[in-house]
Amino acid sequence: MASQNIYSRKISPKEAKEDFIFVLKNKLPFFPPIGTNFELSNENISREVMVKSYPCTCRGPDRPHEHYFISWKGLEAGDKIEIAKDSESKYNLQIKYGFREVFD
Ligand SMILES: [Zn+2]
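Remember, it's a predicted structure, so these values are computed and weren't measured experimentally.

Draft legend 1. The arrangement of the pairing of strand S3 (residues 38–42) in detail. Both S3 and strand S4 (residues 45–49) contribute to a ladder of 5 bridges, which runs antiparallel. In the strand pairing of S4, Phe38 is matched with Val49. With 3 bridges joining them, S3 and strand S8 (residues 90–96) adopt parallel strand pairing. Across the sheet, the residue bridging to Leu40 is Tyr91, located in S8.

See the structure below:
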């Protein structure tokens, strides 16, 4: 199914401010293993990135867990991104602008 070859989401204010793209836990298998470099290209920009994790207590101190993300600069809240898998180590990032007014 084509939808399994694309990771898409809408960028939140937190992601835009801190220059990263959240990776939902159930979508981890779509990406190379945590800490493994891969190439992410957006138009004429190509960057070496990796999925990283950080500990989080957003569900309360009794429920520590990990969140996963890819660092990427230049995103704005409300942008829609689509990451497509070209090969095991090459991914393509599409950014769809024009939804920014939602968070004004
Ligand atoms: Zn959390």
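Draft legend 2. Representation of the sheet that holds strand S6 (residues 65–71) in the model. Here we have 3 strands laid out as an open sheet, ordered S2-S6-S5, and antiparallel in their pairing. Both outer strands of the open sheet, strand S2 (20–23) and strand S5 (52–56), are each paired with one neighbouring strand and no more. Direction aside, neighbouring strands of the sheet carry axes that sit 40° apart on average. Direction of pairing for S2 relative to S6: antiparallel, over a ladder of 4 bridges. Of the residues in S6, the one forming a bridge with Phe20 is Ser71.

Draft legend 3. Fine view of the sheet that holds S3. In spatial order, the strands read S1-S7-S8-S3-S4; together these 5 strands make up an open sheet with mixed pairing. The open sheet has two edge strands, strand S1 (6–10) and S4, and neither has a second partner. The average angle at which neighbouring strand axes cross in this sheet is 25°, direction not considered.

Draft legend 4. Inspection of unusual backbone geometry at higher detail. The backbone phi angle of Asp19 is positive, close to 60°, even though this residue is not glycine. Position of Asp19 among the secondary structure elements: in the loop between helix H1 (13–18) and S2. Note on Asp19: 12 C-beta atoms within 10 Å, which makes it exposed. In this model, Glu43 sits at a positive phi of 55°, which is unusual for a non-glycine residue. By the secondary structure assignment, Glu43 is in the loop between S3 and S4.

Draft legend 5. Seen up close, the environment of Ser8. With respect to the secondary-structure elements, Ser8 resides in strand S1. Ignoring sequence-local partners within four residues, the contact set of Ser8 consists of Lys80, Ile81 and Glu82.

Draft legend 6. Region of interest: the pairing of strand S7 (residues 80–87). Note: S1 against S7, 5 bridges, orientation antiparallel. Within S7, the residue paired with Arg9 across the bridge is Ile81. Across 7 bridges, the pairing between S7 and S8 is antiparallel. By the bridge assignment for S8, Lys85 is matched with Tyr91. Connecting the antiparallel pair S7 and S8 is a turn made up of 2 residues.

The rules behind the values
Residues numbered from 1 in each chain as written. Predicted model: local features only at pLDDT ≥ 70, side-chain atom pairs only at ≥ 80, totals over all residues. Pairing = 2+ DSSP bridges. Helix = DSSP H or I, 4+ residues; strand = E, 2+ residues; numbered from the N terminus. Axes fitted to C-alpha atoms, helices over the stretch in contact; angles between N-to-C directions. Buried ≥ 20, exposed ≤ 12 C-beta atoms within 10 Å, placed from the backbone. Contact = placed C-beta atoms within 7 Å.

Shape descriptors only; they carry no functional weight alone.
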